[in-house]
Amino acid sequence: MGLRQLVIDAWSWLNYKPVMAEAGRPGSRAFPELAKTWVPPHELRRLAAYKVLASYDNNQAGQLAAAGGDASALERRELGDAANLVDTALGYLLGSEQKVTVEGAEHADAQTPTPGAAEAAAVQDRLRKWADKELLTFRVQQAERSAVLLGDSVMVLAWNPEKQRPTLRVYDPGFFFPQWDDEDEDFPRRVHLAWELPADDDAGLKARVRRVTYELGPISEDGDEGAAAGGRQYPWEPGRTSNVTCYLTDAEWLLEDLKNGETLDRLPMDKASFRVRPDGTELNRLDLVIDFVPVVHIANTIPDGGEHWGRSILARVLQALDELAATDSDSSAASATTGTPIIGLAGARLPVDRATGKPQELQVKAGAVWQLGETGRLDALDTSPQLAELRARVDHLLERMAANSRVTAAGLGTLEATEVPSGYALKLALGPLDALIGMMRLAREHKYRLLFKMVQRLYQAGRAEGWAAGETLPARLAWAPHTPTDRGAVLEEVVKAYGAGVLSLETAVAMLLEAGYPIKDASQEVERIRAKAEQEAAVRMAEAAARRGRDEDDAEQEEDDGSGAVEVRKSVEKEREREPVAEGR
């Protein structure tokens, strides 16, 4: 039979899976929830890919293969290799810590601060306080694990009037449905967050679908786009009038009310049940008084041209994981026959069961004694060579997986220390991992800058205390080094360069911070160093002044002594100088 259909897209690396073979309705047998009428057809492959990747993370790839028609896959042994690869890559991506930094804040404590440095330091301090309150480190961990595993993650911001700060939530990328109107747009003007709510018989609730929509549109007093639109000046763009705002709609539909063709973007609004805020406001095209969609999509990799979705760390090694699980299963079966071998007996006298009169079945166990006749023989099947070969194949697959994923054997911790002759060799071995982490962090750089820009603008829109109108300052998420650094070498380099005057104190402290020294805040550390230096200089000046004062007091005391001790001491010293000359003559 020839190839019926060839699909090449962002998820074509999954085409070898039976659940992904059908391009039109992928995963319809394994994932019946994807067959719902409200799911857009063009999103089915992406959603099915997320399901497949999640099954590997939860050691359920065998169950998935069984659902696709391979009944023997239920016996497959999965030992967490996929989850280990994901967690390892995630650990290197995040590093030991993450910090919010604002450009120019490091110069606020300099002797001659640059213009705007004090304002940047104040914004940085406020953003860091927001990060502590909103558990930013925890949210980043949630979002990034989803991005590394599935290829994508979604973070949503919202202004909370009670807390007087923006709140941050992480959503499953399977709930994220952006609506792209123009391929040239950098960001979608309309975004849906949708998921299905199961029926609850106890509460009397039927199965329904919930859709949260953020949409940019013209400003109007009554929320009708056809009405005469007005203008608005946003705090982050003073002096400029904008006619765009973001509308929020949060509604539910009963699944039984939806017909074929009424997909997510075409749900009948006359059958919608809108949610209500605690203050009684209905969430039906609610004006958020911002000119941006507060949703940030994070891709694990840099998307190809024309694409918007990232790629999982498991994408290129998924078949290696299948081979590894199959080899582990074969190894387990071989180890059973090696530990309890198959034995053939000839000429043995078997014991007889007195109740039935039939020979009893022999058991291979410690202390067992079998009586053999004169021509008796015992043969054991030795499967240890096959077991050794299977174990060697497991090691080969792990090395192949480490190389193709670019996490490397050194990164996975499977490289023995005796195989690394020097630190330079280890650095070369970690080269692919360095490139991988650099690419992954580059893919996220702009998205986190966008996140912090939105946080500042939500503070300004909420008229929070301390957030005045004005241009938004650029902020970013700074990552710690992903691999250990030679602190001693960095310290020596910093001391020499700073002592020679080719590095400023701010740059020197920043280098120590990047090397992993326990410096919480670079600007505060610079201030402490300068304060200590000024204190030591003041102590030295005081000691020098005290010494000069003692010397002057001693000289004055000798001049004021009326006994002539000074003249006598000088004459004695002159006589001592003449004595050697006289002896020589």
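Residues numbered from 1 in each chain as written. Predicted model: local features only at pLDDT ≥ 70, side-chain atom pairs only at ≥ 80, totals over all residues. Heavy atoms only, no water.

Across its full length, the protein holds 14 helices and 15 strands. For the protein, restricting intrachain contacts to residue pairs at least 6 apart in sequence, the fraction spanning at least 24 positions comes to 66%. Approximately 34,000 Å² of the protein is accessible, and the part contributed by carbon and sulfur atoms is 50%. (Helix = DSSP H or I, 4+ residues; strand = E, 2+ residues; numbered from the N terminus. Contact = heavy atoms within 4.5 Å. Areas by Shrake-Rupley, 256 points an atom, 1.4 Å probe, with all protein chains shown as cover.)

Attention now goes to the side chain of Arg-210. For Arg-210, the location among the structural elements is in strand β6 (residues 208–218). Residue classification places Arg-210 among the buried positions, given a relative accessible area of 17%. When residues no more than four places from it in sequence are discounted, the contact partners of Arg-210 are Leu-193, Ala-194, Trp-195, Leu-197, Asp-250, Ala-251, Glu-252 and Arg-275. (Buried < 20%, exposed > 50% of the residue type's maximum accessible area, 1.4 Å probe, protein only.)

Okay, the packing of aromatic side chains next. The description of two aromatic rings rests on the distance between their centres and on the angle between their planes. Summed over all chains, the structure comprises nine aromatic pairs. Ring geometry for Tyr-234 versus Trp-236: centroids 5.1 Å apart, planes at 15 degrees, classification stacked. The exposure classification of Tyr-234 matches that of Trp-236, with both residues buried. With a centroid separation of 4.6 Å and 0 degrees between ring planes, the pair formed by Tyr-459 and Trp-467 is classed as stacked. (Phe/Tyr/Trp six-rings, centres within 6.5 Å; stacked < 30°, edge-to-face > 60°.)

The next thing to look at is the environment of Ala-475. Within the fold, Ala-475 resides in strand β15 (residues 475–479). Setting aside its immediate chain neighbours within four residues, Ala-475 contacts Thr-101, Val-102, Leu-127, Tyr-448, Arg-449, Phe-452 and Gln-456.

The next thing to look at is the packing of helix α5 (residues 136–150) against helix α10 (residues 431–461). Their axes nearest at 13 Å, the elements α5 and α10 cross at an angle of 135 degrees. Here α10 runs oblique to α5, going by the angle between their axes. Judged by the sense of rotation from one axis to the other, the crossing of α5 with α10 is right-handed. Two secondary-structure elements touch here, α5 through Leu-136, Val-140, Glu-144, Ala-147 and Val-148 and α10 through Met-440, Arg-444, Tyr-448 and Phe-452. (Axes fitted to C-alpha atoms, helices over the stretch in contact; angles between N-to-C directions. Parallel < 35°, antiparallel > 145°, perpendicular 65-115°, else oblique. Left-handed = near helix turned anticlockwise from the far one by under 90°.)

So, about the nonpolar core. With 110 residues, the main nonpolar core has Trp-38, Trp-130, Tyr-214, Leu-314 and Tyr-448 as its most contacted residues. The element that contributes the greatest number of residues to this core is α10, accounting for twelve residues. Setting aside chain neighbours within four positions, we find Leu-314 in contact with Leu-53, Tyr-56, Ala-82, Leu-85, Val-86, Leu-149 and Leu-321. With nine residues, the next largest nonpolar core counts Val-490, Leu-505, Leu-512 and Ile-519 among its residues. (Core = buried A, V, L, I, M, F, W, Y, C linked by side-chain atoms within 4.5 Å.)

What follows deals with the pattern of salt bridges. Taken as a whole and judged by the stated rule, the model has 27 salt bridges. One salt bridge connects Lys-206 with Glu-256, and the closest N-O pair in it is separated by 3.0 Å. In this pair, Lys-206 is assigned in the loop between β5 (190–197) and β6 and Glu-256 in the loop between β9 (244–254) and β10 (273–274), connecting sequence segments 50 residues apart. A relative accessible area of 53% means that Glu-256 is categorised as exposed. Among the ionic pairs, Glu-525 bridges to Arg-528, the shortest N-O distance being 2.6 Å. Here Glu-525 pairs with Arg-528, and both are found in helix α13 (residues 522–560), just three residues apart, close to one helical turn. Glu-525 gets classed as partly exposed once you look at its relative accessible area, which sits at 22%. Residue classification places Arg-528 among the partly exposed positions, given a relative accessible area of 46%. One salt-bridge network, in which partners are shared between bridges, spans Glu-103, Glu-445, Arg-449 and Arg-476. (Salt bridge = Lys/Arg side-chain N within 4 Å of Asp/Glu carboxyl O.)

Before going further, it helps to spend a moment on the environment of Ala-336. Structurally, the position occupied by Ala-336 is in helix α6 (residues 318–339). With 51 residues separating them in the primary sequence, Ala-336 and Leu-387 have C-alpha atoms 9.8 Å apart.

This part takes up a negative patch on the surface. Together, Asp-395, Glu-399, Glu-416 and Glu-419 give the surface a local cluster of negative charge. The residue Glu-399 is located in helix α7 (residues 384–405) in this model. Note on Glu-399: relative accessible area 53%, which makes it exposed. (Patch = residues over 30% accessible without salt bridge, like charges linked within 9 Å, V, L, I, M, F, W, Y side chains within 5 Å. Lys, Arg positive; Asp, Glu negative; His and termini not counted. Charge placed at Lys NZ, Arg CZ, Asp CG, Glu CD.)

Let us look at the sheet that holds strand β12 (residues 295–299). Spatially, the three strands line up as an open sheet ordered β3-β2-β12, and their pairing is antiparallel. With one partner strand each, in any of the chains shown, β3 (165–171) and β12 form the two edges of the open sheet. Averaged over all pairs of adjacent strands, the angle between strand axes in this sheet comes to 25 degrees, irrespective of strand direction. When strand β2 (residues 152–160) meets β3, the two strands line up antiparallel, connected through seven bridges. From the neighbouring strand, Ala-158 faces β3, where its bridge partner is Thr-167. (Pairing = 2+ DSSP bridges.)

The subject of this paragraph is α6. In this model, α6 (22 residues) spans 32 Å end to end at C-alpha, consistent with the 32 Å of a helix rising 1.5 Å per residue. Of all the positions in α6, only Leu-318, Ala-320, Leu-321, Asp-322, Leu-324, Ala-325, Thr-327, Asp-328, Ser-329, Ser-331 and Ala-334 are classed as buried. (Expected span 1.5 Å × (residues − 1).)

Here we come to a nonpolar patch on the surface. On the surface, a cluster of nonpolar side chains totalling about 300 Å² of accessible area is made up of Leu-345, Leu-350, Leu-372 and Leu-378. For Leu-350, the position within the fold is in the loop between β13 (343–348) and β14 (372–380). On the basis of relative accessibility, which here comes to 40%, the residue Leu-350 falls in the partly exposed class.

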